Amino acid sequence: MNNETPEKSHFIRNIIKEDVARGVNDGRVHTRFPPEPNGYPHIGHAKAICVNYGLAEEFHAPYNLRFDDTNPVKEEQEYIDAIIADIKWLSFDWEDRLYFASDYFEQLYQWAVKLIRDGKAYVCELTADQIRETRGTLTKPGVESPYRNRPVEENLDLFARMKNGEFPDGSKTLRAKIDMAAGNLNLRDPVMYRILHASHPRTGDDWCIYPMYDWAHGQSDSIEKITHSLCSIEFEDHRPLYDWFLDQLGEFHPQQIEFARLNLSYTILSKRKLIRLVNEGHVQGWDDPRLPTLSGLRRRGYTPASIRDFCDRIGVAKKDSTVDLALLEHCIRGDLNKQAPRFMGVLRPLKVVIDNYPEGESEELEAVNNPEDPSAGTREVPFSRVLYIEREDFMEDPPKKFFRLAPGREVRLRYAYFITCNEVVKDADGEVIELRCSYDPATKGGDAPDGRKVKATLHWVSAKHAIDAEVRLYDTLFTTEDPEDVPEGGDWIDNLNPKSLEVLTGCKLEPNLRGVEPGFSCQFERQGYFCVDQDSDGDKIIFNRTVTLRDAWKRMQKKG
RNA sequence: UGGGAUGUCGUCCAAUGGCAGGACAUGCGGCUCUGGACCGUAGUAUCGGGGUUCGAAUCCCUGCAUCCCAGCCA
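The shown structure was predicted, so the numbers you read here are calculated from the model rather than taken from an experiment. (Residues numbered from 1 in each chain as written. Chains lettered and ligands numbered in written order. Predicted model: local features only at pLDDT ≥ 70, side-chain atom pairs only at ≥ 80, totals over all residues. Heavy atoms only, no water.)

**A short note on the sheet that holds strand 1 (residues 31-33)**
Okay, so step 1: The strand order across the open sheet built from three strands is 1-2-3, with neighbouring strands paired in parallel fashion. The outermost strands of the open sheet, each flanked by one partner alone, are strand 1 and strand 3 (98-100). Looking at each pair of strands side by side, their axes are set apart by 35 degrees on average, direction ignored.
Okay, so step 2: With three bridges joining them, strand 2 (residues 63-67) and strand 3 adopt parallel strand pairing. Along strand 3, the bridge assignment pairs Leu-65 with Leu-98.
Okay, so step 3: On top of the sheet, helix 3 (residues 77-89) reaches strand 1, strand 2 and strand 3; it is set at about 160 degrees to strand 2, its chief contact. (Pairing = 2+ DSSP bridges. Helix = DSSP H or I, 4+ residues; strand = E, 2+ residues; numbered from the N terminus. Axes fitted to C-alpha atoms, helices over the stretch in contact; angles between N-to-C directions. Contact = heavy atoms within 4.5 Å.)

So this is what it looks like as structure tokens:
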């Protein structure tokens, strides 16, 4: 990092910088990422992780991972495991600071008892419906619960019995005694504990009362001595409540700072909606490569570096915004362009016979593995009389700007020879099934000694050496930039893109790809970046297309 | 008609009273054995109306728009 050039900053970094300079918390910085284990993490979480952990790393400060596991009805060990795996994949290391809000259940209970003793909390016997009705509305104040002024001793007794399991679910709550007329609804005697006879992934059946998030969250941050509690914007209204609790308790106040969550065009980042996509089978699981989940992106071929780069580039601010998917794609292209070895693969094969190439013979041609990285070296690619080229690289009646193969036209086969198309073979339906070409032996390697030029270079594979593969092409999961924008009475599911997955079989790959393992990423020249899917098995190779290369020709076609 | 927040290029983010800048996207050009990468270049923005000031995206007033909150979810 170059300290001479002024770094680009954002408001949270500025606040922390100032706090450190002013010696707030003795100049200490400590952050955390507090997920609820009720789903798989997605790129939006990656942003939050990068903000929290990235900032801590910048200030050489520690950061925690803490699961806010206060609702056993929705939370599962599977999600805990997935979240841990995905954050590690992003290559963040919280060392030994893995915590759970459930670690603090006993302390939280004791603090609740203290609030009761201080007359700041009471056991309420209103039903959920009644609590809602008496909460008031956005414009009208609420009505105080008839149980609000019950004696401390009675509250203590009832709360202990709640904990001991004497009452059924939903029959009682512990509520903070604040202000039923507050403009901020969170302050209208919020529920602190509810009775839930549910088994918890970590505490099992030890508890049948569980703290509400609002009661647990601020204190958990306080216990961990978090200096800067970064969270999303919708918790701005909750900050006064967290402050109130900590004030009553006389405990350490982390500073909460809110920032806007990520929205991405053509995708959905709401956990509830993601769960629906998975449960209703619109996708094939949490790691479906079309999903913005980290496991989906990983399977798609996105790298941790590309995601962290993306998170750096989108910035941090308070206003609602939607980042262009093109930026994410730019980030993965940028990373893979530097790393990914190049290979030739023909997705939709068209047979080409080189009539003047000796039958039964073949030769090895040298190809560059990565033009961006000379140290990646070269490899040999076999060439022979019968080849496959990409169907869309040939047009019988080409428009003006089409540079590729056409009858009578000469093009270069990458790293091989110039070939000229002499004859087009069609089937009974008039579909082109084969091209008869001739090659110029003098152009071996791809250059003409007489200096003549060709306008196109095509990728190809030798038919008898090729290996077969299945290739899965992905498009956006939704057809609309904002999938949640639906007409009256419509369902966002209707915006699903029926063509988000296209499976190609019989693709032909150069033989150097034999034996690749799941997770392997490479570029198929002129087409895009692809990675081997976990469904591959032995001889059955399956590639996922991570992202296409930028394609000037396609853009030109679109323009018309 | 309550409380909280937010309005800057098409998009995202800067500029904290002093030349509105960067990235992505887009157009054009160059280069190229990937119509890739790379290089160069262009256009496009301060929500509206007042005010303060030599000077306002920034401060004040006012209006408008958008988002969040009425879970015993987080």
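Next, the rest of the story.
**Re empty space enclosed by the protein**
Okay, so step 1: Tallied over the full model, the rule gives two cavities of 30 Å³ or more.
Okay, so step 2: The calculated volume of the largest cavity comes to roughly 80 Å³.
Okay, so step 3: Along its surface, the largest cavity is lined by His-217, Gly-218, Asp-221, Ser-229, Arg-239, Tyr-242, Asp-243, Leu-246, Pro-254 and Gln-256.
Okay, so step 4: Mapped onto the lining of the largest cavity, the elements with two or more residues apiece are helix 7 (213-223) and helix 8 (239-249).
Okay, so step 5: Of all the elements, helix 8 adds the most residues to the lining of the largest cavity, at four residues.
Okay, so step 6: Partitioned by chemical class, the residues of the lining of the largest cavity number three nonpolar, four polar and three charged.
Okay, so step 7: Roughly 30 Å³ of internal volume is contained in the second largest cavity.
Okay, so step 8: For the lining of the second largest cavity, a count of residues per class yields five nonpolar, two polar and two charged. (1 Å grid on protein atoms, 1.4 Å probe; cavity = no way out; pocket = protein on both sides within 12 Å on 5 of 7 lines; lining within 4 Å. Points joined across faces, edges and corners; volume = space filled by probe spheres on them. Nonpolar A, V, L, I, M, F, W, Y, C, P; charged D, E, K, R; others polar.)

**What to know about the pattern of salt bridges**
Once the charged atoms of two side chains with opposite charge are near each other, the side chains can pair.
Okay, so step 1: Under the counting rule described, the total for this entry stands at 54 salt bridges.
Okay, so step 2: Between Glu-280 and Arg-276 there is a salt bridge, with its nearest N and O atoms 2.8 Å apart.
Okay, so step 3: Relative accessible area serves as the criterion here: at 44%, Glu-280 is assigned to the partly exposed category.
Okay, so step 4: On the basis of relative accessibility, which here comes to 25%, the residue Arg-276 falls in the partly exposed class.
Okay, so step 5: Salt-bridge contacts for Asp-535 lead to Arg-299; the nearest nitrogen and oxygen are separated by 3.2 Å. Of this pair, Asp-535 sits in the loop between strand 24 (528-532) and strand 25 (542-548) while Arg-299 sits in helix 10 (residues 294-300), placing them 236 residues apart in sequence.
Okay, so step 6: Overlapping salt bridges bring together Asp-287, Arg-299, Glu-470, Arg-472, Asp-533, Asp-535 and Lys-540 as one network. (Salt bridge = Lys/Arg side-chain N within 4 Å of Asp/Glu carboxyl O. Buried < 20%, exposed > 50% of the residue type's maximum accessible area, 1.4 Å probe, protein only.)

**Digging into the UniProt feature "short sequence motif: 'HIGH' region" (unreviewed entry) in chain A**
Okay, so step 1: UniProt's entry tags residues 35-45 with the feature "short sequence motif: 'HIGH' region" (unreviewed entry), counted in the numbering of this structure.
Okay, so step 2: Strand forms 0% of residues 35-45 and helix 27%; the C-alpha atoms that close the span are 8 Å apart. (UniProt positions renumbered as here; feature names shortened; annotations may be inferred.)

**A few points about the sheet that holds strand 21 (residues 467-474)**
Okay, so step 1: Ordered in space as 10-23-24-25-21-22-11, the seven strands form an open sheet in which the pairing is mixed. Whereas interior strands pair on both sides, the edge strands pair on one side only; in this sheet they are strand 10 (342-343) and strand 11 (345-346).
Okay, so step 2: Across three bridges, strand 21 lies against strand 25 in parallel orientation. Within strand 25, the position partnered with Arg-472 by the bridge is Asn-544.

**Topic: the UniProt feature "domain: Glutamyl/glutaminyl-tRNA synthetase class Ib catalytic" (unreviewed entry) in chain A**
Okay, so step 1: Here, UniProt's "domain: Glutamyl/glutaminyl-tRNA synthetase class Ib catalytic" (unreviewed entry) annotation points to residues 29-337.
Okay, so step 2: Between the end C-alpha atoms of residues 29-337 the distance is 36 Å, and the span holds 40% helix and 12% strand.

**Thoughts on the side chain of Ser-222**
Okay, so step 1: Residue placement: Ser-222 occurs in helix 7.
Okay, so step 2: There is a polar contact of 2.7 Å between the side chain of Ser-222 and the backbone oxygen of Phe-252.
Okay, so step 3: Leaving out residues up to four positions away in the same chain, Ser-222 has contacts with Leu-246, Glu-251, Phe-252 and Pro-254. (Polar contact = N/O pair within 3.5 Å; in protein donor to acceptor, adjacent residues only side chain to side chain.)

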